[in-house]
Amino acid sequence: APQSVIGQDSAQVLGQSYPRDDFTNVTPKILEKVGRNLHNQSHHPLWLIKERIKAHFYSSYIGRSGNPLFSIHDNLSPVVTTEQNFDSLLIPPGHPSRKRGDNYYLNRTTMLRAHTSAHQTDLVRSGLDAFLLAGDVYRRDEIDASHYPVFHQMEGVRLFSNRQLFSRVQNGGELSLFERGGRRSPEKQETHTLEAVKLVEFDLKRTLTQLVSYLFGAGEIRWVDCYFPFTHPSFEMEVRFQGNWMEVLGCGVMEQELLNSAGAGDKLGWAFGLGLERLAMVLYSIPDIRLFWSQDERFLKQFRVQDIHQPVCFQTLSKYPPLHNDISFWLPNGKESEAGRESFTENDFYELVRSIGGDLVEKVSLVDNFTHPKTGRRSHCYRIIYRHMERTLTQQEVQRVHQQIEQAAESELGVQGRF
Ligand code: PHE
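Rules used in this analysis
- Residues numbered from 1 in each chain as written.
- Predicted model: local features only at pLDDT ≥ 70, side-chain atom pairs only at ≥ 80, totals over all residues.
- Heavy atoms only, no water.
- Pairing = 2+ DSSP bridges.
- Helix = DSSP H or I, 4+ residues; strand = E, 2+ residues; numbered from the N terminus.
- Axes fitted to C-alpha atoms, helices over the stretch in contact; angles between N-to-C directions.
- Expected span 1.5 Å × (residues − 1).
- Buried < 20%, exposed > 50% of the residue type's maximum accessible area, 1.4 Å probe, protein only.
- Contact = heavy atoms within 4.5 Å.
- Near = heavy atom within 4 Å.
- Nonpolar A, V, L, I, M, F, W, Y, C, P; charged D, E, K, R; others polar.
- Core = buried A, V, L, I, M, F, W, Y, C linked by side-chain atoms within 4.5 Å.
- Phe/Tyr/Trp six-rings, centres within 6.5 Å; stacked < 30°, edge-to-face > 60°.

Draft legend 1. Geometry of the sheet that holds strand 6 (residues 105–107). Read from one edge to the other, the open sheet built from 3 strands follows the order 5-7-6, with strand pairing classed as antiparallel. Across the chains shown, the open sheet's two edge strands, defined by having one partner strand only, are strand 5 (79–81) and strand 6. Strand after strand, the sheet turns through a mean of 30 degrees between neighbouring axes, direction not considered. Relative to strand 7 (residues 110–112), strand 5 runs antiparallel, the two sharing 3 bridges. Directly across from T81, in strand 7, lies its bridge partner T110.

Structural data, given as structure tokens:
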């Protein structure tokens, strides 16, 4: 793939040029990841999980002429419009998920997708009734062992016509998908019949339960009600992992308005989006999300199995010792800036730490938040844990990076160091 870079006036991403504006916030470190496509690299653990999911869907869901029911898409560009990422999914203007602080914008109208759901409407509009879609997604976020600003998702969508949904039901011909004058309730949308929704919901949950038990063998799962603007009802699936419940996917019955505008208004559908790293971490007991980006043979060679169904016994690489360093500063005077944006957000600092410290940074946490009793000025203290995945870091090396972070915090975020 052509290199992606950010220049004075424009960002070049995957061979295309995007003019900068006041929303542009992608960084060179993030652009380095665009085009890596870990999910398409043979024998990478994310590729392996993707292949296992494909194999499961290919063998379990077969069309009337013996063809696989679900088509697979794993090469869609991560550069999408805000219309695809938000509007097409009924996410209203001003919704908190659009915040500049949470996303990577190339400019006001173009961004790195924050979820694979960004492609739902386009693929439905192109006529597909059942598809899987894998891709890299980008979110500005906190920094720790299970959060990284780039991760991978697998989206699944399945639509049903009246005949497809009710054909297995006795006297199904008398049932309908839609009703007029209905009410939205916790169980269904206003235009759906309860019987149609319950069948779709049942098919969704069964599909995902079977997928997870195929991947994990017998394991405990549970369903939790939740909210997405583009599905109703909506659910999260959690799996039991080392004694804790861990969220691995979001899903639900697709909002009918979305299907109507994608030209599939005569059908009902379900959709899900699952996090591939989360699944891989549970499946192979991978302790740190940065390992997915590692080029270390000791990591990668463990996934080079002959057959994708062969079990992988992952040997945890011994972790090298961590070093930590604190940084304290006064925040810029708390008022909103002209653009109506917060003058300092914690994510801005996390982003800055990442863009300088890269993968040396394991975790950043706010350890003290202090307001001066007289002046009202606020100060933050963050602890940065440095650790290399493949070797032991020296104090000196860490000190150099830490000082660069201190300097950049003052010059770029307008904070005043208490170093
Ligand atoms: N896109 C949602 C997320 O990233 C997950 C999701 C996909 C939810 C499809 C419902 C339907 O959190």
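Draft legend 2. Broad picture of helix 11 (residues 395–413). For helix 11, which comprises 19 residues, the first-to-last C-alpha distance of 26 Å matches the rise-based estimate of 27 Å (1.5 Å per residue) to within 8%. Those residues of helix 11 not exposed but buried are E397, V398, V401, H402, I405, E406, A408, A409 and L413. Taken together, the buried residues of helix 11 touch strand 14 (323–330), helix 10 (346–357) and strand 16 (378–386). With its phi angle positive at about 70 degrees, G414 sits one or two positions after the end of helix 11.

Draft legend 3. Spatial organisation of the sheet that holds strand 2 (residues 10–13). Across the sheet, 3 strands lie side by side as 1-2-3; this open sheet has antiparallel pairing. Unpaired on one side and paired on the other, strand 1 (5–6) and strand 3 (16–19) mark the two borders of the sheet. Where strand 1 meets strand 2, 2 bridges bridge the pair, whose relative direction is antiparallel. Considered in strand 2, the bridge of I6 is made with A11.

Draft legend 4. A look at the site of the ligand. Of all residues adjacent to the ligand, which total 14 residues, the nearest are H115, S117, R139, Q153 and G273. Residue assignment for the shell around the ligand shows that the elements contributing at least two residues are strand 9 (150–160), strand 12 (244–254) and strand 13 (268–275). Looking at the shell around the ligand element by element, the count peaks at 3 residues for strand 13. Of the residues in the shell around the ligand, the class split is 5 nonpolar, 7 polar and 2 charged.

Draft legend 5. Looking closely at the environment of A264. With respect to the helices and strands, A264 occurs in the loop between helix 7 (256–261) and strand 13. In this structure the C-alpha to C-alpha distance between A264 and D129, which are 135 residues apart in sequence, comes to 9.0 Å. Look past the residues within four positions of A264 in its chain and what remains in contact with it is V124, L159, Q256 and L259.

Draft legend 6. Just the nonpolar core, in detail. I53, L274, Y284, I286 and F292 are the most contacted members of the largest nonpolar core, which has 71 residues in total. Among all residues touching Y284, those that are not within four sequence positions of it are P45, L48, I49, R52, F303, V312 and F314. Residues I327, L352, V353 and V401 belong to the second largest nonpolar core, which totals 24 residues.

Draft legend 7. View of the packing of aromatic side chains. Under the criterion given, the structure shown has 18 aromatic pairs. With a centroid separation of 6.5 Å and 25 degrees between ring planes, the pair formed by F57 and F272 is classed as stacked. Of this pair, F57 sits in helix 2 (residues 45–60) while F272 is found in strand 13, placing the two residues 215 residues apart along the sequence. Each member of the pair F57 and F272 is classed as buried. Consider the rings of Y284 and F303, whose centres lie 5.2 Å apart with planes at 65 degrees: the pair is edge-to-face. Taken as a pair, Y284 in helix 8 (residues 276–284) and F303 in the loop between helix 9 (297–300) and strand 14 lie far apart in primary sequence, 19 residues in all. The exposure class assigned to Y284 is buried, which follows from its relative accessible area of 3%. Chaining the aromatic ring pairs together yields one cluster made of F57, Y61, F70, W270 and F272.

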